[in-house]
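Structural characterization, general
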Amino acid sequence: MKICHIANYISGYHRGSGGAEQACLNTIKALYANGVENVVAATKPLKQPQEKEFDFYPITISEDLIGWKLSFIKHFFYFDVISFFSLRKILKKIKPDIVHLYNFDLISLSAISAAKSLKMPIVFSVYDYWVFSAAKGVTFNDGWLRRKIFNHFIKKIDIFIALSQHSKNLLIKNGINDDKIKTIPLMMDANSKLLRKVEIEPKSIIFAGWIQPRKGLLTLIQAMPEIIKRISDAKLYVFGMKENREYRKKIDNFIKDNNLNSNIKWDNESDKEKNRDKYFSTFNKADILVVPEQWQNMSPVIVVEGMAAGKAIVASRIGGIPDIIEDKISGVLANHDDSSDFASKIIVLLSNQSYSDKIKENARVRFNELFNNEISAGKLKNIYSAIL
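Numbering of residues starts from 1 in every chain and runs along the sequence as written. At least 70 in pLDDT is required for a residue's local features to be given in this predicted model, at least 80 for side-chain atom pairs to be given and counted, and no such filter applies to totals for whole chains, interfaces and linings, which use all residues. Where side-chain values are given, they derive from all heavy atoms of the structure, hydrogens and water being excluded.

**Side note on the sheet that holds strand β11 (residues 288-291)**
Strands in a sheet are paired, the pairing made by backbone hydrogen bonds, and the direction either parallel or antiparallel. Paired strands, in this sense, are two strands between which DSSP finds at least two bridges. We count a stretch as a helix when DSSP gives it H or I for four or more residues in a row; a strand needs E for two or more, and each element gets its number in order from the N terminus. Ordered in space as β10-β9-β8-β11-β12-β13, the six strands form an open sheet in which the pairing is parallel. The strands lining the two open edges of the sheet, one partner per strand, are β10 (264-266) and β13 (332-334). Each neighbouring strand pair of the sheet contributes to a mean axis angle of 20°, computed without reference to strand direction. Taken together, the three bridges between strand β9 (residues 235-241) and β10 define a ladder with parallel strand orientation. Bridging across to β10, Y237 finds its partner in K265. Working rule for contacts: check all heavy atoms of both residues, and any pair within 4.5 Å makes them a contact. Every angle, taken between N-to-C directions, lies between 0 and 180 degrees, and every axis is a line fitted to C-alpha atoms, over only the stretch in contact when it is a helix. Helix-sheet contacts for helix α11 (residues 301-308) involve β8 (204-210), β11 and β12 (312-316), and the interaxial angle to β11 is about 165°.

Following this line, the structure appears as C-alpha cells:
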C-alpha cells in the first residue's frame with residue numbers, strides 16, 4: 001500500500017512548521033512501522049528531507065514563480081493553477097493508492113482536484129478548520145461565495161479524520177455526513193526529547209506556541225500579577241513563533257506597565273523552531289505547562305506532549321481539549337478568556353505539591369490510555385483498505 005501525504009510543511013524541514021506538522025510526521029513514521037510505503041509532497045523545504053520512512057517531492061506553488069503579492073488570484077478563488085499541475089505531475093509519477101491531506105491551504109484546493117483528476121481516493125486529517133472557516137475555526141461565519149466554493153471541493157473528499165469527538169461534532173455541524181468521519185487521536189514521537197525526565201525547576205511555568213491572539217498568551221500574561229502576588233518567585237518561560245506584531249506589542253506593554261520583566265523569561269533567540277535543544281531542556285524542567293487556547297482547536301499537540309512528559313497542565317476549556325484532559329484529574333481546565341481563572345488554577349498547583357504530583361501522574365496514565373501509535377496506525381491502515 002502506497003500513500004501520498006500532502007501538507008504545507010513537514011516538521012524539521014520548513015520554518016513555518018508547528019504542532020500539526022509534527023503530528024503529520026509522527027503519523028507517517030507510525031504507518032511506516034506498520035508496513036506502509038509513504039511519499040510526502042509539500043512546499044519547497046529549507047533542505048531536502050532524508051528520512052527512511054518516506055520519499056519526498058516538492059510542490060511548486062504560485063508564490064515560488066510570481067511572488068506572494070502577485071498570487072492574489074489564488075487567495076481569492078482558493079485555487080492555485082501552478083500547484084495543480086505540479087502536484088498532478090508528482091501523483092502521475094508516484095502512482096499512490098491513496099492521497100492523504102493534512103494542512104494544505106498554501107497548496108490550495110487544487111490538491112483535491114489534482115488527486116481526483118487521477119481518480120485517487122482522498123483522506124483528510126482535519127488539523128484546523130480552514131476548509132470550513134476563513135478564520136480556521138476562530139469563527140464560522142464565512143460568506144456565501146466562499147462556502148459555495150469550498151462545499152464543491154469538500155464533497156470530493158472520501159474520508160475525514162477527526163482528532164477528537166468535539167472535532168467530529170463540528171464537522172457534522174458543518175455538513176459532513178457522520179459515516180464519512182473517523183476519529184483517530186494524535187500520534188506522538190516515542191523518542192521525543194520532550195519525554196526525558198529531568199529535575200523540575202520549582203515554581204516554573206512554560207508557554208510554547210504562536211504569539212497570536214488565538215493562542216492566548218496575553219491571557220496568561222494578564223494572570224501573572226495575581227500569581228506573583230501569591231507566589232513571588234514564580235517564573236514564566238515563553239517560547240514563541242509566528243508573531244503577530246500588534247499582539248506582541250499589547251503583551252510587551254502589559255509586561256512593562258505591571259513590572260513583570262523579572263518574572264518572565266522571553267528570549268527571542270529561543271524560538272522553538274530555531275533552538276530546539278534549548279526549548280526541550282526548558283520544557284522538561286518546567287513544573288507547569290499552560291495552554292490558553294482561544295479558538296476551537298481540536299487537539300493541541302502541546303497538550304499531548306505535556307501529558308506524555310507528565311506535566312501539570314492548565315488549559316482552556318474549549319475545542320477538543322476537554323476530550324483529552326479530565327478536569328482536576330489529568331489536568332486542570334480554565335475558562336479560555338478569563339485570566340483570573342487561569343491565575344487561581346495555576347496558584348493552586350504551585351502551592352500544593354501533592355495535588356500537582358497527582359495531576360502529573362494521572363496525565364501520564366491518561367496519555368497511555370488515549371495515545372497508542374500502534375493502535376492508531378492500525379486503525380488508519382484499516383480506513384485506507386476500506387476505501388480502496
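**Details of the packing of aromatic side chains**
Pairing of aromatic rings covers Phe, Tyr and the six-membered ring of Trp, with a centre-to-centre limit of 6.5 Å; geometry is then stacked below 30 degrees between planes, edge-to-face above 60, and tilted otherwise. Applying the stated rule across the entire model yields 10 aromatic pairs. Aromatic side chains F367 and F371 sit 5.5 Å apart centroid to centroid with 25° between the ring planes, which places their arrangement in the stacked category. Grouping residues by exposure puts F367 and F371 together as buried. What links up through ring pairs into an aromatic cluster is the set Y78, F104, F124, W130, F150 and F160. Placement of a positive charge over a ring is assigned whenever Lys NZ or Arg CZ falls within 6 Å of the ring centre and within 35 degrees of the normal to the ring plane. Seen from the ring of W295, R214 lies directly overhead, with NZ or CZ sitting 4.6 Å from the centre. The aromatic ring of W266 is capped on one face by R248, whose charged end is 3.6 Å from the ring centroid. Using a 1.4 Å probe on the protein chains alone, a residue whose accessible area is under 20% of its type maximum counts as buried, one over 50% counts as exposed, and one in between counts as partly exposed.

**Here we look at the side chain of D287**
With respect to the secondary-structure elements, D287 resides in the loop between α10 (276-285) and β11. The term polar contact refers here to a pair of N or O atoms within 3.5 Å; inside protein, the definition further demands a hydrogen-donor-capable atom paired with an acceptor-capable atom, and it admits residues adjacent in sequence only when both atoms are side-chain atoms. At 2.5 Å, the side chain of D287 and the side chain of K360 are in polar contact. Here D287 is in contact with I200, E201, K203, S204, K311, A312, L350, S356 and K360, once residues within four sequence places are set aside.

**What about a nonpolar patch on the surface?**
The residues that make up patches have over 30% relative accessible area and no salt bridge, and they are joined within 9 Å when like-charged or within 5 Å when they are Val, Leu, Ile, Met, Phe, Trp or Tyr. Calculation of accessible area relied on Shrake-Rupley with a 1.4 Å probe; when residues are assessed, cover is drawn exclusively from the protein chains displayed. Take a side-chain nitrogen of Lys or Arg and a carboxyl oxygen of Asp or Glu: if they are within 4 Å of each other, that pair is a salt bridge. Judged by side-chain polarity, F72, I73, F76, F77, W144 and L145 come together as a nonpolar surface patch covering roughly 700 Å² of accessible area. Sorting the residues of the nonpolar patch by element identifies α3 (72-77) and α6 (144-154) as the ones contributing at least two each. In terms of residue count, the dominant contributor to the nonpolar patch is α3 (four residues).

**A few points about the packing of helix α8 (residues 217-230) against helix α9 (residues 245-257)**
For the pair α8 and α9, interaxial distance at closest approach is 10 Å and the crossing angle is 5°. Between α8 and α9, the angle falls in the class roughly parallel. In this structure, α8 contributes L217, L218, T219, I221, Q222 and P225 to the contact, and α9 contributes Y247, K250, I251, F254 and I255. Residues belonging to the contact of α8 with α9 are distributed by class as follows: eight nonpolar, two polar and one charged. Convention used here: angles under 35 degrees read as roughly parallel, angles over 145 as roughly antiparallel, angles from 65 to 115 as roughly perpendicular, and any remaining angle as oblique. Residue polarity is assigned by list, with Asp, Glu, Lys and Arg as charged and Ala, Val, Leu, Ile, Met, Phe, Trp, Tyr, Cys and Pro as nonpolar; anything else, Gly included, falls into the polar class.

**So, the pattern of salt bridges**
The final tally for this structure, using the stated rule, is 11 salt bridges. With a closest N to O distance of 2.5 Å, K360 and D287 form a salt bridge. One end of the pair, K360, is in helix α14 (residues 353-370); the other, D287, is in the loop between α10 and β11, with 73 residues separating them in the sequence. Given a relative accessible area of 10%, K360 falls into the buried group.

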